[in-house]
Amino acid sequence: MKAASPHSSPKTMSPYAALNPFIVTSVGENDLWNAAAFPDVPYIHSVPFGALKIAVDQVRAQRRSQVRFVRGAGGSGKSHLFARLRRECADSIFYAYAPNPPLQPEALENFILSRFVSSLRHPARGKDGTESPYSQLRLFAYALLKPVIEQELTYPELHEAWADIALESRKELIHQAVQLLEAEHPMVPRSVLRCLLTVLREDKEHLAAQWLSGAAYLTENELKFLGVPEPLARGEMGLVIQLFGKLAAQAGSPVVLVLDQLDLISTPPQFDEMQRLLFSLIDQSENWVVLIGLVAERFAMWDAALTQALRGRVGVPDSNAPLGF
């Protein structure tokens, strides 16, 4: 095919514009969550993408949390990589996307929990990339319910069967699953374990997700309806984040947490809080793949701010590697 002239007008090139996945240099959240329809060129950044998939597979096999830095100039394709990862691994991971964190260090933990739970409310995806009729959060709850189900069912089969189970029987199964979790995680408040499984109640699913995300605006009547005494305490938010990783490991699916566009994290207090949170996912939890997206100019600041203790856990980022691996 004859190459187009460099002097071709936009009108002449317009028939081919739809074939260019990078005509827009940034990936919005709507694009990312609709990754099945998002245009992509797999050969572009195939090497760093392969490294991301290896990290996911390692965490799945070993359950040891990993942190990876994805660095590059604005528009270089970092968010395209994150969208590709969701599309190609979506049936075997829990995927959360948390871009543009707040600048106040004390708000960071609440922000991550809130964005994590809101991400899990997006539909789960099947192996063929199609959306499931249930959310990632509901899939998470089905994984917790499975140990008390007498027969071996796939998650789609369990979802279909759940709709035909009488309400009182559902309540009893949820109660049994909560009791089992209490025995395995005695330090976790019962209200947290209850809400994790209450998402399987259609009449309470939305409120339970709000409570788990740390919402402080729930009314007294809403809390009573959920069966919890009060909103999730700020001091328990980190515990809930850690718990998600541990429980997801029981389902055999790593948790991929994308912290994108962290370019405004640049002060010592911000770095200290971010590293504290990373330590908690590495030392006090498991099963996390944390991907940090940064423009190249800001990566140098992160490189200088990492403590020796954290470097010992995540390795020394290579400032010269493509996309900063």
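Structure's up top.
Values in this document were obtained by computation on a predicted structure and should not be read as measured data.

Caption draft 1: Helix 5 (residues 108-120), seen in detail. With 13 residues, helix 5 should cover 18 Å at 1.5 Å per step; its first-to-last C-alpha distance of 18 Å lies within 8% of that length. When we look at burial in helix 5, the residues that qualify are L108, E109, F111, I112, L113, R115, F116, V117, S119 and L120.

Caption draft 2: Representation of the pattern of salt bridges in the model. A complete count under the given rule lists 16 salt bridges for this structure. Among the ionic pairs, D57 bridges to R60, the shortest N-O distance being 4.0 Å. Highlighted residues: D57 and R60, both in helix 3 (residues 46-62), separated by three residues, approximately one helical turn. In this structure D57 comes out as partly exposed when scored by relative accessible area, which is 44%. By relative accessible area, which is 29% here, R60 ends up partly exposed. Close ionic contact of E273 with R276 constitutes a salt bridge, the shortest N to O distance being 2.8 Å. Of this pair, E273 and R276 both sit in helix 13 (residues 268-283), separated by three residues, roughly a single helical turn. Taking the relative accessible area as the measure of exposure, E273 reaches 15% and is therefore buried. Taking relative accessible area as the criterion, R276 reaches 39% and is therefore assigned partly exposed.

Caption draft 3: A look at the packing of aromatic side chains. In total, this model carries eight aromatic pairs according to the counting rule given. Geometrically, the ring pair formed by Y134 and Y142 is edge-to-face, given 5.9 Å between the ring centres and 85° between the ring planes. Seen in terms of ring centroids, F271 and W302 are 5.2 Å apart; in terms of plane orientation they differ by 90°. Their pairing is edge-to-face. With a gap of 31 residues between them, F271 in helix 13 and W302 in helix 14 (residues 296-305) connect regions that are remote in the sequence. By the burial criterion, F271 is buried, and W302 matches it. Taken together, the aromatic side chains of F94, F116, F140, F244 and W288 make up a single cluster linked through ring pairs. For R71, the ring lying beneath its charged end belongs to F299, and the centroid distance is 5.4 Å.

Procedures and definitions
- Residues numbered from 1 in each chain as written.
- Predicted model: local features only at pLDDT ≥ 70, side-chain atom pairs only at ≥ 80, totals over all residues.
- Heavy atoms only, no water.
- Helix = DSSP H or I, 4+ residues; strand = E, 2+ residues; numbered from the N terminus.
- Expected span 1.5 Å × (residues − 1).
- Buried < 20%, exposed > 50% of the residue type's maximum accessible area, 1.4 Å probe, protein only.
- Salt bridge = Lys/Arg side-chain N within 4 Å of Asp/Glu carboxyl O.
- Phe/Tyr/Trp six-rings, centres within 6.5 Å; stacked < 30°, edge-to-face > 60°.
- Lys NZ or Arg CZ within 6 Å of the ring centre and 35° of its normal.

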